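Residues per chain, in single letters:
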Amino acid sequence: MKIATFNVNSIKARLPRVLEWLEAAQPDVALLQELKCEEAGFPGLEIEALGYKAEVLGQKSYNGVAILSRHPIEDVRRGLPGADEMGEDADQARYIEATVRGVRVASIYLPNGNPTPGPKFDYKLRWMARLKTHVEETLLPSEQPVALGGDYNVCPTDADVYDPEGFADDALCRPESRAAFRALVNLGLTEAWRALHPNAEGKYSYWDYGGGAWQKDNGLRIDHFLLSPQAADRLVACEIDRTPRGKEKPSDHTPVVVELQAG
DNA sequence: ATGGTGGAGGGTCCA
């Protein structure tokens, strides 16, 4: 089963790119982030025409996540637990989770957190703590294959940044962000791409629109898959598909794809 | 010096 994650930076602006990518890559499941529209504005008909069902958590202008699948989508959860108790982000559409063919998948759009320090950075760290709690209390105890894909807005190490010194105080690279990401992984998850490419450097999933970043390959690796042990046992491949980033009117991110053996 | 670019929406905010 091929599962992809793709931050599209507006599903409406990106629809031609997304449709041609789905046709070329043929993922079984596609986890999308930054839809920047409400459910009613989601282009479901065009996506259904390619054979995909869609479950969407939308929001006007910002955020928005979706799960697309060629197979039935079951037991959908919209939103990360813990928002109400913290009195925040009931309106931020950053998490959707469902089961496809026995695999629990989630589409994650983690807060960016810039500038640091500040309230947005604090919010990012609180959101990461909530994600950790959900993984710890619900997902891992299920003992099911779980694949958490998305835009984590974290470069796990300096090997994942084109300019580590320049980004030292960026929310994507701050020690607090990396520590929270490590704490999540150290619950017993596997970071799929790094597990299969342990010594790789300079492999990115995001390039800023400005400054000729794509042409200079000034990128960051911030889009990841975290797998439960039951999913990691089935991991056979994880690749970054750079093709969509080089097209006209691209997203600033490019897809990451994992392949899991049949269960 | 200045996000130098892009998306949403119609102000600026966000990344």
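Predicted model only: the values in this text are computed from it and were never measured.

### Section: the environment of Gly 219
For step 1, the next point in the chain: Here Gly 219 is to be found in strand β11 (residues 219-220).
For step 2, the next point in the chain: Classification of Gly 219 as buried rests on a relative accessible area of 0%.
For step 3, the next point in the chain: For the pair Gly 219 and Asp 252, spaced 33 residues apart in sequence, the C-alpha separation works out to 9.8 Å.
For step 4, the next point in the chain: The contact partners of Gly 219, leaving out residues within four places of it in the chain, are Asp 160, Val 161, Tyr 162, Tyr 204, Tyr 206 and Trp 207.

### Here's the deal with the sheet that holds strand β4 (residues 65-69)
For step 1, the next point in the chain: Ordered by their spatial adjacency, six strands build an open sheet running β3-β4-β2-β1-β14-β13, and the pairing between neighbours is mixed. The strands lining the two open edges of the sheet, one partner per strand, are β3 (53-57) and β13 (235-240). Pairs of neighbouring strands in the sheet enclose a mean axial angle of 15°, with direction left out of account.

### Section: the protein's contact with DNA strand B
For step 1, the next point in the chain: Around DNA strand B sit 16 residues in total, of which Ser 10, Ser 61, Lys 120, Asp 208 and Lys 249 are the nearest.
For step 2, the next point in the chain: Here a base oxygen of DNA strand B sits 3.4 Å away from a polar atom, N or O, in the side chain of Tyr 62.
For step 3, the next point in the chain: Classifying every residue of the surface near DNA strand B by side-chain character gives four nonpolar, five polar and seven charged.

### Digging into helix α1 (residues 11-25)
What sets the pattern is the α-helix's 3.6 residues per turn: residues three or four places apart point alike.
For step 1, the next point in the chain: Compared with an ideal rise of 1.5 Å per residue, which puts 15 residues at 21 Å, α1 spans 17 Å between its outermost C-alpha atoms and falls more than 12% short.
For step 2, the next point in the chain: The principal kink in α1, of about 40°, is found at Arg 17.
For step 3, the next point in the chain: Looking only at α1, the buried set comprises Ile 11, Arg 14, Leu 15, Arg 17, Val 18, Leu 19, Trp 21, Leu 22 and Ala 25.
For step 4, the next point in the chain: On its buried side, α1 packs onto β1 (2-7), β2 (29-33), α2 (44-48) and β4.
For step 5, the next point in the chain: Looking one or two residues past α1, Gln 26 carries a phi angle of roughly 50°, positive in sign.

### Looking at the state of the cysteines
For step 1, the next point in the chain: Under the defined criterion, the tally for this structure stands at zero disulfides.
For step 2, the next point in the chain: Here Cys 155 stays free of any disulfide, with the sulfur of Cys 173 as its closest cysteine sulfur at 3.9 Å.

### Some points on the side chain of Arg 94
For step 1, the next point in the chain: Mapped onto the secondary structure, Arg 94 falls in the loop between α3 (83-86) and β6 (95-100).
For step 2, the next point in the chain: Look at Arg 94 and you get buried, because its relative accessible area is 9%.
For step 3, the next point in the chain: Side chain to side chain, Arg 94 and Gln 92 meet in a polar contact 2.6 Å long.

### What about the packing of aromatic side chains?
For step 1, the next point in the chain: Scanning the entire structure with this criterion turns up four aromatic pairs.
For step 2, the next point in the chain: Measuring from centroid to centroid gives 5.1 Å for Phe 6 and Trp 21, while their planes differ by 70°, and the two rings are edge-to-face. You can see Phe 6 sitting in strand β1 and its partner Trp 21 sitting in helix α1, a full 15 residues away along the chain.
For step 3, the next point in the chain: Ring centres 5.6 Å apart and planes at 70° place the aromatic pair Tyr 162 and Phe 167 in the edge-to-face group.
For step 4, the next point in the chain: Taking the relative accessible area as the measure of exposure, Tyr 162 reaches 34% and is therefore partly exposed.

### As for the pattern of salt bridges
For step 1, the next point in the chain: One pass over the structure, following the stated rule, counts 10 salt bridges.
For step 2, the next point in the chain: Its salt-bridge partner being Arg 17, residue Glu 20 comes within 2.6 Å of it at the nearest N-O pair. Placement of both Glu 20 and Arg 17 in helix α1 is noted, with a separation of three residues, approximately one turn of the helix.
For step 3, the next point in the chain: Accessibility expressed as a relative area gives 30% for Glu 20, which makes it partly exposed.
For step 4, the next point in the chain: Of the residues examined, Arg 17 reaches a relative accessible area of 18% and is grouped as buried.
For step 5, the next point in the chain: A salt bridge links Arg 104 to Glu 97, with the shortest nitrogen-to-oxygen separation between them at 2.8 Å.
For step 6, the next point in the chain: By sharing partners, the salt bridges in this structure join Asp 160, Glu 191, Arg 194 and Arg 221 into a single network.

### Brief notes about the sheet that holds β6
For step 1, the next point in the chain: On the basis of which strands lie adjacent, the open sheet formed by six strands has the order β5-β6-β7-β8-β12-β9 and mixed pairing. The open sheet has two edge strands with one neighbour each: β5 (74-78) and β9 (190-191).
For step 2, the next point in the chain: Here strand β8 (residues 146-151) pairs with strand β12 (residues 223-227) via five bridges, running antiparallel. Looking across to β12, one finds that Ala 147 is bridged to Leu 227.
For step 3, the next point in the chain: Together, β5, β6, β7 (103-109) and β8 form the strand contacts of helix α4 (residues 119-139), whose direction differs from that of β6 by roughly 25°.

What counts as what
Residues numbered from 1 in each chain as written. Chains lettered and ligands numbered in written order. Predicted model: local features only at pLDDT ≥ 70, side-chain atom pairs only at ≥ 80, totals over all residues. Heavy atoms only, no water. Helix = DSSP H or I, 4+ residues; strand = E, 2+ residues; numbered from the N terminus. Buried < 20%, exposed > 50% of the residue type's maximum accessible area, 1.4 Å probe, protein only. Contact = heavy atoms within 4.5 Å. Pairing = 2+ DSSP bridges. Axes fitted to C-alpha atoms, helices over the stretch in contact; angles between N-to-C directions. Near = heavy atom within 4 Å. Polar contact = N/O pair within 3.5 Å; in protein donor to acceptor, adjacent residues only side chain to side chain. Nonpolar A, V, L, I, M, F, W, Y, C, P; charged D, E, K, R; others polar. Expected span 1.5 Å × (residues − 1). Bend = angle between axes of the 7 residues up to and from the residue. Disulfide = S-S within 2.5 Å. Phe/Tyr/Trp six-rings, centres within 6.5 Å; stacked < 30°, edge-to-face > 60°. Salt bridge = Lys/Arg side-chain N within 4 Å of Asp/Glu carboxyl O.

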